[in-house]
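Inside the fold
Here are the chains, one letter per residue:
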Amino acid sequence: MAKRIYSIAIAISVVLGVYLYIAKETNSTSMALIVATLTFFLFSMGIHGVLAHTITRSDKGTFIDRLSYFYGRSVGDSVRYLSISYPASSLP
C-alpha cells in the first residue's frame, strides 16, 4: 500500500512538471516557484518512499556495502568514525 502511495506522489510530480513546462509563459514567477518546489518535494518524497519500501532486510547489508564503496570507506571504518568512545575510567 505504501509503495502505491509513493508511486502516486511520483506521478503527480511528473504531471506538475509537464504542466510547468507547457504553461511556463502564462504563470507568474511566484507561481512557477511554488509549483517547482512542490514538484521537487513530491518527486523526492516518492523516490525515497519507493526505495525504502523496496529494499528488504537481506538487501540492506549489500546496499550499505555498495554505498561505502562509493565513499571510499569500509563499513567498519564508518562505524568507528561515528561511534563515541569513552575511557574505561569514566564508565560507572
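Calculation criteria
- Residues numbered from 1 in each chain as written.
- Predicted model: local features only at pLDDT ≥ 70, side-chain atom pairs only at ≥ 80, totals over all residues.
- Heavy atoms only, no water.
- Patch = residues over 30% accessible without salt bridge, like charges linked within 9 Å, V, L, I, M, F, W, Y side chains within 5 Å.
- Areas by Shrake-Rupley, 256 points an atom, 1.4 Å probe, with all protein chains shown as cover.
- Salt bridge = Lys/Arg side-chain N within 4 Å of Asp/Glu carboxyl O.
- Helix = DSSP H or I, 4+ residues; strand = E, 2+ residues; numbered from the N terminus.
- Buried < 20%, exposed > 50% of the residue type's maximum accessible area, 1.4 Å probe, protein only.
- Axes fitted to C-alpha atoms, helices over the stretch in contact; angles between N-to-C directions.
- Parallel < 35°, antiparallel > 145°, perpendicular 65-115°, else oblique.
- Left-handed = near helix turned anticlockwise from the far one by under 90°.
- Nonpolar A, V, L, I, M, F, W, Y, C, P; charged D, E, K, R; others polar.
- pLDDT = per-residue confidence, 0-100.
- Contact = heavy atoms within 4.5 Å.
- Expected span 1.5 Å × (residues − 1).
- Arc of directions from axis to C-beta.

The grouping of Val 14, Val 18, Tyr 21, Ile 22, Phe 43, Ile 47 and Leu 51 at the surface amounts to a nonpolar patch, some 710 Å² of accessible area in total. Secondary-structure elements contributing two or more residues to the nonpolar patch are helix H1 (2–22) and helix H2 (29–54). It is H1 that provides the largest number of residues to the nonpolar patch, a total of 4 residues. Mapped onto the secondary structure, Val 14 falls in helix H1.

Considering the arrangement of structural elements, one finds Ile 47 in helix H2. Take Ile 47: its relative accessible area is 35%, and that puts it in the partly exposed class.

Remark: H1 packs on H2, axes separated minimally by 8 Å, with the N-to-C direction vectors making an angle of 150 degrees. The angle between H1 and H2 falls in the class roughly antiparallel. At the point where H1 passes H2, the crossing takes the left-handed sense. The class makeup of the residues in the contact of H1 with H2 is 16 nonpolar, 8 polar and 1 charged.

Turning our attention to the confidence of the model for the protein chain. In this model, the protein chain carries a mean pLDDT of 76, and residues with pLDDT of at least 70 account for 60%. Here helix H4 (residues 75–82) stands out as the element of the protein chain with the lowest mean pLDDT, 51, in contrast to H1, whose mean of 91 is the highest.

With that out of the way, let us pick up the side chain of Ser 13. Secondary-structure assignment places Ser 13 in helix H1. Leave out the neighbours within four places in its chain, and Ser 13 touches Thr 39, Leu 42 and Phe 43.

Another aspect to go through is H1. Its 21 residues place the ends of H1 31 Å apart at the C-alpha level, agreeing with the 30 Å of an ideal helix rising 1.5 Å per residue. Three or more residues of H1 are buried, namely Ala 9, Ile 10, Ser 13 and Leu 16. Along the axis of H1, the buried positions cluster into a sector of 125 degrees, meaning they face one direction only. Looking at H1, the residues exposed on the side facing more than 90 degrees away from the buried face are Arg 4, Val 15 and Ile 22.

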